[in-house]
Amino acid sequence: MTAAATPNIVVPESRGATLRLDCDVVVVGSGAGGATAAATLAEAGLDVICLEEGGYHPTAEYSADIPQMIAKILRNGGATAIMGRSPVPYLEGRCVGGSTVVNGGMCWRTPERVLDTWVNEYRLEALSARRLEPHFEEVERTINARYQDPGSEGPNNDMFKRGADRLGWKLSKNRRNQIHCVGSNDCVTGCPTGAKQSTISTWLPRLYARGGAVYTHCRVEKILQEGGRVVGVAGRIVDLDGERRFVVRSRAVVLAGGAVQTPILMLRNGIQVKSGQVGRNFTIHPNVKMAALFDHPVAVRGAHQAWQCIEFEHEGILMAPGLIPLAFQSVAFNDFGPRLAQRMRDHEHIATGGILVDDHASGRVQVLPFGIPLVRYDVTDEDQRRFIQGAAYLATLYFEAGAREVYTPFHHFPRLRSPDDIRRMKAAAPRVQDTEYFTAHLMGTVRMHGDARQGALSPDGQVWDRPGLYVADAAAMPGTIGVNPQVTIMALARHIALHLGDRLKSRAAA
Ligand SMILES: Cc1cc2nc3c(=O)[nH]c(=O)nc-3n(C[C@H](O)[C@H](O)[C@H](O)COP(=O)(O)OP(=O)(O)OC[C@H]3O[C@@H](n4cnc5c(N)ncnc54)[C@H](O)[C@@H]3O)c2cc1C
Ligand code: SF4
């Protein structure tokens, strides 16, 4: 076994006899939920091991070599899509730090109206705004949620702000988990400057400080059960050199592989609750991209989403600038042939932004015979109406900011040359199956609910009727929240881990 340069990150040999470990709590996954839970449990005095399927990549390894970075840190090299009326591509981080390594860094608390619903309709009193307040504060402090340094936003954000200001639309300044971000626009392939505060530089050092460890390249496949209790996990250490088995025995298991991988792992192990809720209630905050051609350079550098336009939040529509790195633009654009070639030549003059809809549909993660996963979600006609309305708003904003042309996500209406075209686009009412979507927010597949008939997790995060098994990632979210979810996930993970820590300590003392 060899240790990585950073203490407590263990890179196990992938050849040899089965690796056997014991601890109080084993955490599966080191992303937003897993790292928060692992650090919190270790600080409660418990012996914690965090198992991560991906590798460890320190700041020095992140580079502009996008194909190499994608292969290193994204699951399936980023080639993942949800099936449905229109396929929805999505990304999941697969590395130490999980999706927090590849995310855009926006930091939003769960809106209070959402928390009120969780308390009143989901019977989750512990998730009230008042009771979560200390968790939000601790999360924001730990991940350094703050505003950008002046001048780092870049012209892509500036154009968005200019359009919104001219229209008098309400903007909200985003806090991001970063320290002195220079706006290099590499967030999706990992921050090369160390500015982004993923769990690698925030929660995980807190785990190490209390003696906890992350084991890399450990893919958990089995959830071990004895006498109706969950007693550990097993799987394979896989790297380019080979493959080796591992077994970790523990007093409790916390699953935090993300809202797609966690239910797949549970279902492959035959773990379903009586109500059949594992894998259901899958929400994804679908979004669409728009682009706008300006006469002057607006792209290349800049931070992700320094602003959001919240003027139409009451309609469930959020708009934000989001600079798409050049290497991704050819697939992000709804175009082909000579027109696409021209757009790529114009790329420095093209601003990009997106529309996020607080979705009303819910999909499902299933496991078919032979363990084959199926991830399904259908965008509804109601949400599609909001996408069309959102596209109309964002096109209006870009024309107001001085754009010459605006590019849409709708196959049969790809290009708007004037505000008149916006009216024509709305009248054409593009269909779901003729629209390009994307998502980075996967939630709710093992949801928490105070009523065992309607959820898969109890209010303290334990899988109903499965002692010893907890979930502390995006899968645990009771429902959709309409804003970027990492702060919510971390706050929930902290709530679950503090509760589990108390429980294990009081049992040991008894
Ligand atoms: C491109 C992108 C941009 C985003 N931008 C933002 C943003 O700006 N703001 C925001 O709030 N949110 C953002 N998000 C969403 C946010 O990052 C995720 O919601 C959050 O990280 C999910 O946390 P998680 O713990 O559920 O899973 P993850 O953070 O994805 O972590 C799961 C980890 O578990 C590991 N794992 C999975 N299965 C196994 C297994 N069987 N064995 C061992 N390990 C396993 C994975 O390799 C991964 O490292 C973005 C996401 C993406 C992909
Ligand atoms: S935009 Fe900022 S946070 Fe993102 S990769 Fe560049 S320096 Fe890092």
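Note that the coordinates shown come from a computational prediction; the quantities given were computed from them, not determined experimentally. (Residues numbered from 1 in each chain as written. Chains lettered and ligands numbered in written order. Predicted model: local features only at pLDDT ≥ 70, side-chain atom pairs only at ≥ 80, totals over all residues.)

1. Brief notes about the overall build of the chain
- On a plain count of helices and strands, the chain comes out with twelve helices and 23 strands.
- Computed over its C-alpha atoms, the radius of gyration of the chain comes to 22 Å, within 12% of the 24 Å expected for a compact globule of 510 residues.
- C-alpha extents for the chain along the principal axes are approximately 70 × 45 × 45 Å.
- Among the 510 residues that make up the chain, the fraction classed as buried is 52%. (Helix = DSSP H or I, 4+ residues; strand = E, 2+ residues; numbered from the N terminus. Rg over C-alpha atoms; globule rule 2.2 N^0.38 Å. Buried ≥ 20, exposed ≤ 12 C-beta atoms within 10 Å, placed from the backbone.)

2. Some words on the site of ligand 1
- By nearness alone, 42 residues border ligand 1, and G29, G31, G98, G104 and G257 come closest of all.
- Classifying every residue of the shell around ligand 1 by side-chain character gives 17 nonpolar, 19 polar and six charged. (Near = placed C-beta within 6 Å. Nonpolar A, V, L, I, M, F, W, Y, C, P; charged D, E, K, R; others polar.)

3. Comments concerning the nonpolar core
- Counting 152 residues, the largest nonpolar core has V48, V254 and A472 as its most contacted members.
- A per-element tally of this core places helix α10 (residues 381-401) first, with ten residues.
- When residues no more than four places from it in sequence are discounted, the contact partners of V48 are C23, D24, V25, V27, A38, L41, A42, L207 and G212. (Core = buried A, V, L, I, M, F, W, Y, C linked by C-beta atoms within 7 Å. Contact = placed C-beta atoms within 7 Å.)

4. Considering the site of ligand 2
- Around ligand 2 sit 14 residues in total, of which C181, S184, C187, C191 and K196 are the nearest.
- Each residue belonging to the shell around ligand 2 can be placed in one class, and the counts come to six nonpolar, six polar and two charged.

5. Focus: the sheet that holds strand β8 (residues 145-146)
- Within the open sheet, the three strands sit side by side as β7-β10-β8. Their pairing is antiparallel. Each end of this open sheet is capped by a strand with a single partner; those strands are β7 (106-107) and β8.
- As paired elements, β7 and strand β10 (residues 175-177) share two bridges and run antiparallel to each other. What sits directly across from C107, in β10, is R175. (Pairing = 2+ DSSP bridges.)

6. Here we look at the packing of α10 against helix α11 (residues 419-428)
- Close contact between α10 and α11 brings their axes to 10 Å; oriented N to C, the two are set at 175°. It follows from the interaxial angle that α10 and α11 lie roughly antiparallel. Across the interface between the two elements, I388, A391, A392, A395, T396 and F399 of α10 pack against P419, I422, M425 and K426 of α11.
- Classifying every residue of the contact of α10 with α11 gives eight nonpolar, one polar and one charged. (Axes fitted to C-alpha atoms, helices over the stretch in contact; angles between N-to-C directions. Parallel < 35°, antiparallel > 145°, perpendicular 65-115°, else oblique.)

7. As for the environment of D434
- Residue placement: D434 occurs in the loop between α11 and β23 (469-471).
- Of the residues examined, D434 has 16 C-beta atoms within 10 Å and is grouped as partly exposed.
- Through-space distance from the C-alpha of D434 to that of V375 is 20 Å; in sequence the pair is 59 residues apart.
- With near-sequence residues (within four places) excluded, D434 lies in contact with F410, H411 and H412.

8. Comments concerning the environment of C187
- Topologically, C187 is positioned in the loop between β10 and α6 (203-209).
- Here the alpha-carbon distance between C187 and N174, two residues 13 residues apart in the chain, equals 15 Å.
- If we ignore the near neighbours within four places in the chain, the residues touching C187 are N103, G104, G105, K196 and H304.

9. Concerning the domain arrangement of the chain
- Looking at the assigned domains, one finds that the chain contains domain 1 (2-144 + 188-281 + 442-509) and domain 2 (155-175 + 287-358 + 380-434).
- Contacts between the two partners involve ten residues from domain 1, matched on the other side by eleven residues from domain 2.
- Along the lines of polarity and charge, the residues of the side of domain 1 that touches domain 2 split into four nonpolar, five polar and one charged. (Domains from an automatic or database assignment.)

10. A short note on unusual backbone geometry
- Backbone geometry places R123, a non-glycine residue, at a positive phi of 55°.
- Within the secondary structure layout, R123 lies in the loop between α3 (112-120) and α4 (129-142).
- Judged by the 16 C-beta atoms lying within 10 Å of it, R123 is partly exposed.
- With a phi close to 60°, H217 is a non-glycine residue in the positive phi region.

11. Comments concerning the pairing of strand β18 (residues 350-357)
- With eight of eight residues buried, β18 is to be regarded as a mostly interior element.
- Across the two faces of β18 the burial is the same, with I350, T352, G354 and L356 and A351, G353, I355 and V357 all buried.
- Strand direction decides the pairing type here: strand β15 (residues 287-293) and β18, joined by seven bridges, are antiparallel. Bridging across to β18, A291 finds its partner in T352.
- Pairing analysis gives five bridges linking strand β17 (residues 317-321) to β18, with the strands arranged antiparallel. Paired with A320 across the two strands is G354, which belongs to β18.

12. Considerations on α3
- Restricting attention to buried positions, one finds in α3 the residues V114, L115 and W118. Viewed end-on, α3 has its buried residues packed into an arc of 100°, placing them on one side of the element. What points out from α3, more than 90 degrees from its buried face, is the exposed set E112, R113 and N120.
- On its buried side, α3 packs onto α4. (Arc of directions from axis to C-beta.)

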